[in-house]
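# Breakdown of the fold
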Amino acid sequence: MWEIFKEDRIPFDGVLVSRAKIDDNKTKKKRIQELGIHKFLRLPRGFPVIGDCGAFGYVDEDLPRYDPIEILEYYKELGFDAGVTVDHLVVPNTSPKKTRA
C-alpha cells in the first residue's frame, strides 16, 4: 500500500511485523535476513517498522517461543526501528478434557 502514496503522504505511522509470521515462511525469512526489514518491505529508512513476537502464533504453547535477549538481537540484526517485548497470551483452555477409559 505504501508504494501507492508518495513518501510524505503515507497514510499510517508505521508497520508492525510479526516474527512468528516471518518464521512460518522459510523463503521470506531468508530474504528478510539478506535485505533487512526496510528493503524487504520496500519502505524508506526512517519509516517506523516495529518488530513483534506474534504471540497469537504460539498461543497454544506453554511458554513463549523466544528469549528476550534473542529477540533484541533479532530486531537489531534485521534493522527494526523498535520492538515489542516478548509476551504470551493468557487464554482459557478450550480443548476437550482428556478422560480415562
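Conventions and cut-offs
- Residues numbered from 1 in each chain as written.
- Predicted model: local features only at pLDDT ≥ 70, side-chain atom pairs only at ≥ 80, totals over all residues.
- Heavy atoms only, no water.
- Polar contact = N/O pair within 3.5 Å; in protein donor to acceptor, adjacent residues only side chain to side chain.
- Helix = DSSP H or I, 4+ residues; strand = E, 2+ residues; numbered from the N terminus.
- Contact = heavy atoms within 4.5 Å.
- Salt bridge = Lys/Arg side-chain N within 4 Å of Asp/Glu carboxyl O.
- Buried < 20%, exposed > 50% of the residue type's maximum accessible area, 1.4 Å probe, protein only.
- Pairing = 2+ DSSP bridges.
- Phe/Tyr/Trp six-rings, centres within 6.5 Å; stacked < 30°, edge-to-face > 60°.
- Lys NZ or Arg CZ within 6 Å of the ring centre and 35° of its normal.

### Structural notes on helix α2 (residues 26–35)
A distance of 3.2 Å separates the backbone nitrogen of T27 from a side-chain oxygen at the start of α2, and that oxygen is part of N25. Directly beyond the C-terminal end of α2, a positive phi value near 90 degrees is found at G36.

### Let's talk about the side chain of R19
Mapped onto the elements of the fold, R19 is located in helix α1 (residues 19–23). Dropping the residues within four chain positions of it, R19 is found in contact with D52, C53, Y66, E70, I71 and Y74.

### Considerations on the pattern of salt bridges
In the structure shown here, the tally under the stated rule is five salt bridges. For D23, the salt bridge is made with K29, and the minimal N-O distance between the two is 3.5 Å. R65 is the salt-bridge partner of E61, the closest N and O atoms lying 3.1 Å from each other. Owing to a relative accessible area of 35%, E61 belongs among the partly exposed residues under this scheme. Looking at R65, the relative accessible area reads 34%, which means it is partly exposed. Taken together, the salt bridges that share partners define one network made up of R19, D23, K29 and E70.

### Notes on the environment of G54
Mapped onto the secondary structure, G54 falls in the loop between β2 (49–52) and α4 (68–78). Distance from G54 to R65, taken between C-alpha atoms, is 9.6 Å for residues 11 residues apart in sequence. Once residues lying within four places of it in the same chain are set aside, the contact partners of G54 are S18 and A20.

### Overview of the sheet that holds strand β3 (residues 82–83)
The three strands lie next to each other as β1-β2-β3, forming an open sheet whose pairing is parallel. Sheet topology places β1 (15–18) and β3 at the edges, where each strand pairs with a single neighbour.

### Some remarks on the environment of V59
With respect to the element layout, V59 can be found in the loop between β2 and α4. Taking the relative accessible area as the measure of exposure, V59 reaches 22% and is therefore partly exposed. As for V59 and V91, which are separated by 32 residues in sequence, their C-alpha atoms are 8.0 Å apart. Dropping the residues within four chain positions of it, V59 is found in contact with H88, L89 and V91.

### What about the packing of aromatic side chains?
Taken as a whole, this structure holds five aromatic pairs when the rule is applied. Three or more aromatic residues joined by ring pairs make a cluster, and in this case those are Y74, Y75 and F80. Against the face of Y74 rests R19, its NZ or CZ located 4.0 Å from the ring centre.

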